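# Secondary and tertiary structure notes
Read off the chains here:
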Amino acid sequence: MQVVRSVGHFKAVNCLRVPLVERKTSISIMGSGPLASLEVIHCAKLLESEISTSARTRLATIARHMSPSNCCSTSHHGGIRIEGRVRDALMAGKPVVALESTIISHGMPYPQNFQVAKEVESIVQQSGVTPATIAIIDGIPCIGLMEHELEKLAQLGTQCVKTSRRNIAYVMAKKLTGATTVSGTMFLASKVGIHVFVTGGIGGVHRHGETTMDVSADLTELGRTAVTVVCAGVKSILDIPRTLEYLETQGVTVIGYGTDEFPAFFTPQSGCGAPCRADTPEECAAIIGENLKVGLQSGILIGVPIPSQDAAMADAVESAIQSSLMETKAKHITGAEVTPYILMRVNELTGGASLSANIALIRNNALVGSQIAVALADKL
């Protein structure tokens with residue numbers, strides 16, 4: 001049996017154990033996702049000489065009967081809804097980039113969040129990549145959202161359930177609408193074979209985490225899910241050195257994109273060295289490809305520095321963070337509510353400079369992540 005790593009690696013026909021006419025081989029998808037139970041015919045990558053004309057005709061007929069003709073229709077696999085364009089891109093081996101939805105619901109106010117969400121998807125599309133914003137809509141995990149669904153998330157804002165791996169099943173069972181965090185988005189992206197995920201920044205070890213044990217689920221997810229996260233590093237409201245130590249313990253490959261220093265979200269510098277460096281999308285794609293080939297089953301974190309012209313003043317941001325941290329203690333704000341509160345207060349205290357920087361880095365990450373996805377698709 002020839003084994004491939006993802007349905008997105010080739011053009012294929014979904015069918016159960018259909019043998020090739022000229023080749024006594026079946027092909028299965030490696031992994032545990034909803035598409036992984038299907039064995040498929042590897043049409044696109046076989047040499048012309050390996051299949052007779054009659055065999056190619058038969059395969060084309062099967063493909064025509066089993067593939068939906070409407071490219072915009074959605075499909076469902078194992079309870080997960082895959083938007084039509086995303087499904088078609090995965091089936092054709094074309095690049096797809098996952099996008100999280102917590103940025104939309106909890107990251108900024110309406111209607112700015114809706115405008116930014118559309119703009120980020122547009123940047124991805126203009127790069128020749130299919131965007132797949134991930135969320136849970138009325139209990140259904142959705143890989144790729146339509147515009148009215150994006151707006152629904154934007155309007156609901158913090159009324160959406162902030163959904164990480166731990167409460168995905170709960171949100172589904174209760175038929176709720178949930179905006180996925182980094183960990184939730186990684187998990188769902190991995191189930192359908194999406195390898196590249198773009199976000200603003202990841203969670204990490206919180207300051208004083210050695211006593212509070214407040215460590216983001218994003219870090220654990222990176223240690224067990226083979227999805228590459230392209231971001232502007234770890235939010236500077238966190239303990240960056242301890243976060244990098246935790247990522248090392250989890251066996252996560254951490255890369256500085258075009259830099260030897262790990263970025264700190266609002267600013268390009270953190271004072272912490274990046275364990276690895278890659279300077280081009282092709283270099284990143286090569287690392288991702290080897291990670292998939294050897295089956296490490298852990299993620300990759302690519303830290304992309306915010307463009308220097310968009311960086312907020314480091315001293316002003318740090319001062320605002322310290323003030324916000326003291327407020328959270330005084331107001332007894334804990335757990336998942338800490339980061340949204342601090343980001344809101346930092347934006348207020350910096351006169352909007354941090355929000356502007358946030359939007360700028362998300363745009364930049366979308367561009368870089370799309371370029372990496374294109375290079376990866378070419379490699380695979």
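Everything below is about the structure printed above this text.
Everything in this summary refers to the structure shown in the same document.

The rules behind the values
Residues numbered from 1 in each chain as written. Predicted model: local features only at pLDDT ≥ 70, side-chain atom pairs only at ≥ 80, totals over all residues. Heavy atoms only, no water. Helix = DSSP H or I, 4+ residues; strand = E, 2+ residues; numbered from the N terminus. Buried < 20%, exposed > 50% of the residue type's maximum accessible area, 1.4 Å probe, protein only. Contact = heavy atoms within 4.5 Å. Areas by Shrake-Rupley, 256 points an atom, 1.4 Å probe, with all protein chains shown as cover. Axes fitted to C-alpha atoms, helices over the stretch in contact; angles between N-to-C directions. Parallel < 35°, antiparallel > 145°, perpendicular 65-115°, else oblique. Left-handed = near helix turned anticlockwise from the far one by under 90°. Salt bridge = Lys/Arg side-chain N within 4 Å of Asp/Glu carboxyl O. Core = buried A, V, L, I, M, F, W, Y, C linked by side-chain atoms within 4.5 Å. Lys, Arg positive; Asp, Glu negative; His and termini not counted. Nonpolar A, V, L, I, M, F, W, Y, C, P; charged D, E, K, R; others polar.

## With respect to the overall build of the chain
Each helix and strand counted, the chain has 14 helices and 16 strands in total. Classification of the 380 residues of the chain by burial places 54% in the buried group. Restricting to contacts in the chain with at least 6 residues of sequence separation, those with at least 24 account for 71%. Surface exposure of the chain reaches about 16,500 Å², of which carbon and sulfur atoms provide 53%.

## Quick word on the packing of helix α11 (residues 281-294) against helix α14 (residues 353-379)
A pair of packed helices is captured by two measures, namely the crossing angle of their axes and the spacing between those axes. As a packed pair, α11 and α14 sit with axes 8 Å apart at the nearest point and diverge in direction by 55°. When the axes of α11 and α14 are compared, the pair comes out oblique. Regarding α11 and α14, the two cross each other, and that crossing is right-handed. Of the residues in α14, those touching α11 at P281, E282, C284, A285, A286, I288 and G289 are Q371, I372, A375, L376 and K379.

## Looking at the pattern of salt bridges
The final tally for this structure, using the stated rule, is 14 salt bridges. One salt bridge connects R85 with E83, and the closest N-O pair in it is separated by 2.9 Å. Classification of E83 as buried rests on a relative accessible area of 5%.

## Observations regarding the nonpolar core
Note on soluble globular proteins: their nonpolar side chains tend to be buried together. Counting 84 residues, the largest nonpolar core has I143, I194, I202, L301 and I302 as its most contacted members. The element contributing the most residues to this core is α14, with 11 residues. Excluding anything up to four places from it in sequence, I302 contacts T228, V229, V230, C231, I255, Y257, C284 and I372. One finds A135, L150, C160 and A179 within the second-largest nonpolar core, a separate group that totals 12 residues.

## Details of the side chain of E121
Assignment of secondary structure puts E121 in helix α4 (residues 112-126). Buried charged residue E121 carries no salt bridge. Nearest counter-charge: R85, at 6.3 Å. Once residues lying within four places of it in the same chain are set aside, the contact partners of E121 are L99, P131, T133 and L150.

## Regarding the packing of α4 against helix α5 (residues 147-156)
Look at α4 against α5: their axes get within 9 Å of each other, and the N-to-C directions meet at 140°. Comparing the axis directions of α4 and α5 gives the class oblique. Relative to α5, the crossing made by α4 is right-handed. Two secondary-structure elements touch here, α4 through N113, F114, A117, K118 and E121 and α5 through E147, L150, E151 and A154. Of the residues assigned to the contact of α4 with α5, the class counts are four nonpolar, one polar and four charged.

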